[in-house]
Protein chains: 6
Amino acid sequence: MSAATGEAGVGVLTLGETMVALRGSGPLKLGGAMNVSVAGAESNVAIGLARLGHTVRWAGAVGDDEAGELVLRTLRAEGVDVTAATRDPAAPTGLILFEPRLPEVTRVHYYRAGSAGSRLSADAVPAAFAAPGPPRVLHLTGITPALGPSARDACRRALRLAREHGAEVCLDVNFRSRLWSREAAAAELREWIPYVDVLIASDDELPLCLPGTGPTDAPEKSLIDGGVREVVVKLGAAGATAHTADAELHAPAREVRAVDAVGAGDAFVAGYLSALLDDADVPSRLERAVTTGAFAVASPGDWEGAPTRAELDLLGSPPGTVVR
Amino acid sequence: MSAATGEAGVGVLTLGETMVALRGSGPLKLGGAMNVSVAGAESNVAIGLARLGHTVRWAGAVGDDEAGELVLRTLRAEGVDVTAATRDPAAPTGLILFEPRLPEVTRVHYYRAGSAGSRLSADAVPAAFAAPGPPRVLHLTGITPALGPSARDACRRALRLAREHGAEVCLDVNFRSRLWSREAAAAELREWIPYVDVLIASDDELPLCLPGTGPTDAPEKSLIDGGVREVVVKLGAAGATAHTADAELHAPAREVRAVDAVGAGDAFVAGYLSALLDDADVPSRLERAVTTGAFAVASPGDWEGAPTRAELDLLGSPPGTVVR
Amino acid sequence: MSAATGEAGVGVLTLGETMVALRGSGPLKLGGAMNVSVAGAESNVAIGLARLGHTVRWAGAVGDDEAGELVLRTLRAEGVDVTAATRDPAAPTGLILFEPRLPEVTRVHYYRAGSAGSRLSADAVPAAFAAPGPPRVLHLTGITPALGPSARDACRRALRLAREHGAEVCLDVNFRSRLWSREAAAAELREWIPYVDVLIASDDELPLCLPGTGPTDAPEKSLIDGGVREVVVKLGAAGATAHTADAELHAPAREVRAVDAVGAGDAFVAGYLSALLDDADVPSRLERAVTTGAFAVASPGDWEGAPTRAELDLLGSPPGTVVR
Amino acid sequence: MSAATGEAGVGVLTLGETMVALRGSGPLKLGGAMNVSVAGAESNVAIGLARLGHTVRWAGAVGDDEAGELVLRTLRAEGVDVTAATRDPAAPTGLILFEPRLPEVTRVHYYRAGSAGSRLSADAVPAAFAAPGPPRVLHLTGITPALGPSARDACRRALRLAREHGAEVCLDVNFRSRLWSREAAAAELREWIPYVDVLIASDDELPLCLPGTGPTDAPEKSLIDGGVREVVVKLGAAGATAHTADAELHAPAREVRAVDAVGAGDAFVAGYLSALLDDADVPSRLERAVTTGAFAVASPGDWEGAPTRAELDLLGSPPGTVVR
Amino acid sequence: MSAATGEAGVGVLTLGETMVALRGSGPLKLGGAMNVSVAGAESNVAIGLARLGHTVRWAGAVGDDEAGELVLRTLRAEGVDVTAATRDPAAPTGLILFEPRLPEVTRVHYYRAGSAGSRLSADAVPAAFAAPGPPRVLHLTGITPALGPSARDACRRALRLAREHGAEVCLDVNFRSRLWSREAAAAELREWIPYVDVLIASDDELPLCLPGTGPTDAPEKSLIDGGVREVVVKLGAAGATAHTADAELHAPAREVRAVDAVGAGDAFVAGYLSALLDDADVPSRLERAVTTGAFAVASPGDWEGAPTRAELDLLGSPPGTVVR
Amino acid sequence: MSAATGEAGVGVLTLGETMVALRGSGPLKLGGAMNVSVAGAESNVAIGLARLGHTVRWAGAVGDDEAGELVLRTLRAEGVDVTAATRDPAAPTGLILFEPRLPEVTRVHYYRAGSAGSRLSADAVPAAFAAPGPPRVLHLTGITPALGPSARDACRRALRLAREHGAEVCLDVNFRSRLWSREAAAAELREWIPYVDVLIASDDELPLCLPGTGPTDAPEKSLIDGGVREVVVKLGAAGATAHTADAELHAPAREVRAVDAVGAGDAFVAGYLSALLDDADVPSRLERAVTTGAFAVASPGDWEGAPTRAELDLLGSPPGTVVR
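As recorded in an unreviewed UniProt entry, chain A goes by Sugar kinase and comes from Streptomyces kanamyceticus. The record in UniProt for chain A states the following under Sequence similarities (unreviewed entry): "Belongs to the carbohydrate kinase PfkB family."

In structure tokens:
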């Protein structure tokens, strides 16, 4: 049971690829030093939730190598349950290189083709739903099914098990054009919508979740009509909106000095799900989401600056605040 | 005699605790690298004054350890007279950890309980007033009396000696709620007011210096009526005001790109006292105070960016200025 | 159940103080950069065992601060069970500064007076023996009782509980003259001997465990006569000896290029207990102990270079070995 | 032939001094770490052009020392032709120390007196015009003639050879008051004007290129009347203007988060000449110049952030752009 | 023509994969900082030769990405001709992670599956033999044919072209068990032997070059009988031997303080070929080979410490030598 | 009065050039990071003496620049009296680059031509002998007279003043072939011998101090016959010898793990003079000299590892010593 939240069992189960992440401080072609950490959309969410006191399980696959050990060490450090993670003796842990090119622009280079994470097996999924009990929420992103047929099958298996166990499903679309086409993404993700309770996406990703190929006037409405309970749209500097059958809400972005925007979307999801697990209402979920998202923007790294519950209030402090 | 100012003897004497200061570049709980320097409200002021060419003596206590050696090395390097400082063989030099948590928020962790600095003895104070002669100004902060009875007695002794030797007294209230309550602070500091010529405080610290417990409409006036010659109020981004029997002045803050606001208050004091030692009038003192404060905000570290007299004009240079 | 060893429950329970550890690369008084990690004799052993695939629980106390969070994050990362660790809201996590002064000499500065670790409460100990079941071995060092009466009582409570639960007891004497006198240490530790199955000490520490004050010809024999099953003597570069009722064994030190000897004794203990948990005989225990000790000497940090089971064979590789 | 531009022969030839450049991260007097790279107004331009796919030759002199090797290694790395550079066995390669003093102010300290670069010989110039053929543009700055008589003669020789070979001449005035007086500069540079096709200068440098000593109402017009084809005026944050016989154009500065303005002027020149080599019209030249200048302002170092042709579009990306 | 050696045309042509190389300072699983450089057996040789003043061309393939740019920048910096290198728009540049695990042991992790380097095309090889003329020596290693069928075909093409152009062929066997089996290696390399003039191998690699599967008493003799002119055997700390039809020579290893043995074999080859290009006799070749190999052992990095011709004499200096 | 030694006045006065010192960690031509400190033979001695508790004055010249400020800050930090140092507004502070090229070889590059230090004026010398009183010992090296006529005259003036004030004179020959020829050195230094009480030199430097040009059988004896009281010969790894009219002594070098031999000779001198100031006999002087020299060899930097009096006993500690 989580001390902070009183949750029994697992609050959130998530699965996907987490890679060793190398971050330079300038153009990659100039060489120099890189800092080594880990990154992955789903584990970023998992860490964000664990920092807020929730119980979270991450069930991806890493290689049986030192890079995989770093992934597992880091998640364990952050209190994420990795007992259902698998190690693939025949494939390496993926790698990601972040190259800050301009204050506003980061370039990302992946070494994940054929990685252990992309070979995540559907056979490993049932164990992730086992002891200490099924999760209240299953969180998936649209990245995992794009990694390959094995990882896609694992997602599908997870969706079915979530339904069997009565877990809610949250999907963050996270379309990656380097991994698959919009057509391929749409073909897959549309099949997922009937399972999804909370859909999180950017503006231009919504159509990927709808039948048909033409533009849509009110994709949120169509999705809600199609059974999605909450459609949450990330609008970057413009904040976010949440749509339900009853209401349409908007939350402006929190003002922060931008340091590193990578991971902000994942932090947003963590905040949203945290408030959901707290049984807070939709406006409160949105509010926490823009807050945790702002923390990510104001901190270097994908997840390193994620707030604990006690730290949530630090955002918005006047410049020069010293907490003694 | 100071080459820059022509001062004979000691311009300013100050006493208080200076600690070894470790500064990380992100959340402490993630480990990584920290940079080692020193910090202390009073020695920050001392360095600020020495950089501007004044003769300054710092008379705190450090342990007889390597950390104490670092404190003394650094102050000597900056030209601060430490010949009246004492070394306590039975207590360690204090430590302070700075943890930047957000661009606007720094967390500070102290390891100063039972430190040599908190055990500063009143017996060591007379020597600080001896050769090369008594100071023109004694500078104290409200931190030192909060460190323990020994350090409090040392402050009281210094106040009495200042009066005996005809030295002016400057007090920067610097209330620290981690060290004592507002009630305890008020009980002590109100006794000091009759000795104080220049009182420097933030807005909400003024009541600590006044008798009574209720709110006050014009605390500056009450303090001046009580014998304080100059009441200087630090208003952060709103600048500062100075109150005397004759006038009330305001100086806006200098615009700078904020890098690290820690130490800005101490730098402000250094600027104020520097102009006072130069026999400049109160408006000029305030002007130099907001300038040196701005240098601290624009530079990493507590005192590292303090300006020399020649550098004062650099503030306000257009972006991209190259001094060849 | 540990995948590597097939152990059910907890292999080893240990308790003691773990501090945030700062390591510079030269004289502390010159300032510069320090690297932040954690260190503690008992947690060094715990990590060493976890790396070798054993289940280990560490049950110390840290402050409710960021430094404490770093301690817990690190132990979790290494797979050490910290669910029985406690957080003290009223005392800070201790700090330790390592200062390499010569290639052969490291100076250590402690900030642990009044620390959370030194206030470890006997009341917290029973929980450490609870689910998932009592440990097979309780490991203590002579440092913890020297930290203060509270921590000493916690050790005594642990010794009694070990006996109740049928756990073996391992004691590493680790006498620290900065914390208590030889007399005080002897007075306490002699009371422990009846509980101890495996005693590990350096040569000159053995008399501390024996009654009387005079020199002893064969302290190992006296200890075994007094009920200790195995007396293991660390001899540094000369290796180690193990004494039992039946035999006296010697293992030479493994030859390595010395990088950082701090933590070597703890690594030695981890190797010894690892083989004991594997049900290996005493010569094999000694052999693994000198091997893991050699890893510590050949690696920077207290525990960072501790080997996994698969890495044990790397020691003794010819210079220039490249494992692809 | 350049793959990117289809240029035969050398697009631009430039000569001048390139030094080893050391960059600290704060006040030099505090010691600490410095990063080692190279810098020189002309080689900054050369690298900027090479990054954009042009063929460029740099023909300066370095010492026959490791510092000179660093200069040549770096230029070769960037694809700048250094086959016409010379090595002076009797003089060291110059050094430059960059000291960031405030976010807006960098101080620069030179160690170039008597350097190999300042002894650049006119005898070395003809080889720079030889195979693979004369350049389309010769680029000079007003720094080189200020370094000493030898370097000045080399410039004069280059101007004459440019005329002989029909190469256009670009001059960036770059007046350095530490190297010579305005009078000395004017006396030399006025003699150059008849050779100059493209004159680039800041506002207050224009009079240095005109006869007479009094102020001038329209220096650009006088220069054009005197035969200069294009007069380009760098206005910093106010952008830039270009004057020809037919037109007067203005381009505002591109908005970027300023990181390090050193080298911005050189990057501006590189952009201007790149578009000129592309046979783009003057407005397009100005547009590329403010774009490449903005890249320099947004990147640390003199030339390190110079864009490739493909990167030009990155400027102006919304904050948080991730290029995957 | 090389200034140092008077060579016309290209001294050595080599082809193979060069990767971006990341070097940590401890166990990878602990994260931290890594330094970014490049590495590749063949380009290590190329740089070693260029440092000694020879003209060298490297004709591998890199991706059309920033990592590939770093490879080309570095080789250009070192004066290696990369005009015949190719860029593969459809595959990334490979990556290699060096993890120092013990003073004697480095672990290496590759990300080269499907890399541009492994897809090197035979079609790109003829251009490498074109202007400025065919090389005097073609250098290959046994790594390249193990990368995949495309790279293997490129090697075969190069061997045939070498014969056509009368270039000598040097083969460094460099068997990599992670890339192919001994059987597969032998099947390929035995076909190469008729083309090879200089064969360089470690002791246990010689049988891979011989027909038959049984052990051989004198593999060197069999190889020479098979047409190889020189068989050079690297013996690590035991030095090296060279076998020709007429003689068998041995050179002991040079004594150095070992810093990083990675790249020592490649440096050995560079020294051997350098002396061969100088028309030195076999004993002199062996002598230079052990010298350049020793430089690599005494320097961090794969190639970074390779000596220039003038530096060759530095090896063997007494400790504490200061060259002013 | 020095607390450690009870010395009144100044124990040792020294003068010479101190430069800003940049230390890389590998070949300079590869760029990277350099660490910034200060170095100078005479100030190395001064710091060594101050660390041992003696009063020392350094009277060199630095520029009126930030580099000069670093020199003075560092010497003040170390407790060296710099009140008689001068600042030259018309010349820069010298620079020195240390490039470690092999474990045994450091290359040094100077930027001191025309430096403030080389322009040290004889006019500044008398003040160095003034309050607080003349020194007991004047220490000079053979580097200063080689820097130029002004610095040479300053040395001569100092020698005459030493005689007037009855100060002993110590000369460390320190011949630098880059600064002057053996002939020039001999011509100058022979004139100094009549002033010298303690002559310190390496083996091959002794002839420079003797009349005549031929080899000498017993140069030490000739020097003593010429009036030198003690001739001390540094023999590197072979230790040192001291010759007086009465005796010839030898001390072997202390065994240490060599880290950085630069500065070892200066540290040797500091130890010798320290014992001389303590009125210890010649064998004790030699013993302390080899001890302080060994500290320098075992520590990075020129002077950074110099021992305090309390640290002298650390040398010779067994590997792995932990001082708690």
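Following the structure, the description resumes.
A. Examining the overall build of chain A more closely. Scanning chain A for helices and strands turns up 8 helices and 15 strands. Principal-axis analysis of the C-alpha atoms places the extent of chain A at approximately 50 × 50 × 45 Å. Per-residue burial over chain A gives 64% buried out of 324 residues. At a minimum sequence separation of 6, the contacts of chain A that also span at least 24 residues come to 70%. Per element, the accessible surface of chain A, about 11,400 Å² overall, is 52% carbon and sulfur. In chain A, 30 positive and 41 negative side-chain charges are present, and the distance between their average locations comes to 4 Å.

B. Molecular detail of the relation of the copies chain E and chain A. Least-squares fitting of chain E to chain A yields an RMSD of 0.0 Å, with the transformation described by 0.0 Å of translation along the axis and a rotation of 180°. Here the two chains are linked by the operation of a two-fold rotation axis. Relative to the rotation axis, the closest C-alpha in chain E is found at Met34(E), a distance of 2.6 Å. Same-surface contact between copies: 100% of interface residues of chain E are shared with the interface of chain A.

C. Quick peek at the relation of the copies chain D and chain B. Superposing chain D onto chain B requires a rotation of 120° together with a translation of 0.0 Å along the rotation axis, leaving an RMSD of 0.0 Å. Overall, the copies show the geometry of a three-fold rotation axis. Relative to the rotation axis, the closest C-alpha in chain D is found at Arg257(D), a distance of 6.8 Å.

D. Fine view of the sheet that holds strand 7 (residues 95-102) of chain F. The 10 strands are arranged 15(B)-8(D)-7(D)-2(D)-3(D)-3(F)-2(F)-7(F)-8(F)-15(E) in an open sheet whose pairing can be described as mixed. Either end of the sheet is taken by a strand with one partner, and the two such strands are strand 15 (321-323) of chain B together with strand 15 (321-323) of chain E. Across this sheet, the average inter-strand angle for adjacent strands is 30°, counted without regard to direction. For strand 2 (residues 19-23) of chain F and strand 7 of chain F, the ladder comprises 4 bridges, and the chain directions are parallel. From the neighbouring strand, Ala21(F) faces strand 7 of chain F, where its bridge partner is Ile96(F).

E. Here's a closer look at the interface of chain E and chain A. Facing 24 residues of chain E, the contacting portion of chain A comprises 24 residues. Interface area lost by chain E to chain A is led by Lys29(E), Glu66(E) and Tyr111(E), which between them contribute 34%. Taken together, the connections running from chain E to chain A amount to 2 salt bridges. On the surface where chain E and chain A come into contact, there are 7 residue pairs in polar contact (both at pLDDT 80 or more). Secondary structure elements with two or more residues in the side of chain E that touches chain A: strand 3 (32-39), helix 2 (66-77), strand 7 (95-102) and strand 8 (105-111) of chain E. Residues belonging to the side of chain E that touches chain A are distributed by class as follows: 12 nonpolar, 6 polar and 6 charged. Of the strand pairs in this sheet, strand 3 (residues 32-39) of chain A and strand 3 of chain E are connected by 5 bridges, and their pairing is antiparallel. When the sheet's bridge partners are listed, Val36(A) is paired in strand 3 of chain E with Gly32(E).

Cut-offs applied
Every chain is numbered independently, its residues counted from 1 as its sequence is written. For this description, chains carry letters from A and ligands carry numbers from 1, given in the order in which they are written. Local features in a predicted model are, by the rule used here, given only for residues with pLDDT of at least 70; side-chain atom pairs are given and counted only at 80 or more, and totals for whole chains, interfaces and linings are based on all residues. To obtain the side-chain values, all non-hydrogen atoms of the structure were used and water was disregarded. UniProt positions are given in the numbering used here, feature names are shortened, and annotations may be inferred rather than shown by experiment. A run of H or I in DSSP becomes a helix once it reaches four residues, and a run of E becomes a strand once it reaches two; helices and strands are each numbered from the N terminus. Under the scheme applied here, a residue whose accessible area is under 20% of the maximum for its type counts as buried, over 50% as exposed, and between as partly exposed, the area being computed with a 1.4 Å probe on protein chains only. Contacts are assigned to residue pairs with any non-hydrogen atoms lying within 4.5 Å of each other. Every accessible area reported is derived by Shrake-Rupley at a probe size of 1.4 Å, with residue values counting cover from the shown protein chains alone. Just so you know, the count uses Lys and Arg for positive and Asp and Glu for negative, and it drops His and the chain ends. For the purpose of locating charges, the reference atoms are NZ of Lys, CZ of Arg, CG of Asp and CD of Glu. Fitting of the copies onto one another was done by least squares over C-alpha atoms, counting residues only where both copies have pLDDT of at least 70. Any two strands are treated as partners once DSSP identifies two or more bridges connecting them. Lines are fitted to the C-alpha atoms to define the axes, a helix being fitted only along its stretch in contact, and any angle between axes, read from their N-to-C directions, falls within 0 to 180 degrees. Buried area is calculated as the accessible area (1.4 Å probe) missing from two parts once they are joined, with the contributions of both summed. Salt bridges, as used here, are contacts in which a Lys or Arg side-chain nitrogen is within 4 Å of a carboxyl oxygen on Asp or Glu. In protein, a polar contact requires one atom able to donate a hydrogen and another able to accept it; more generally it is a pair of N or O atoms within 3.5 Å, and residues adjacent in sequence count only if both atoms are side-chain atoms. Under the scheme applied here, ten amino acids are nonpolar (Ala, Val, Leu, Ile, Met, Phe, Trp, Tyr, Cys and Pro), four are charged (Asp, Glu, Lys and Arg), and all others, including Gly, are polar.

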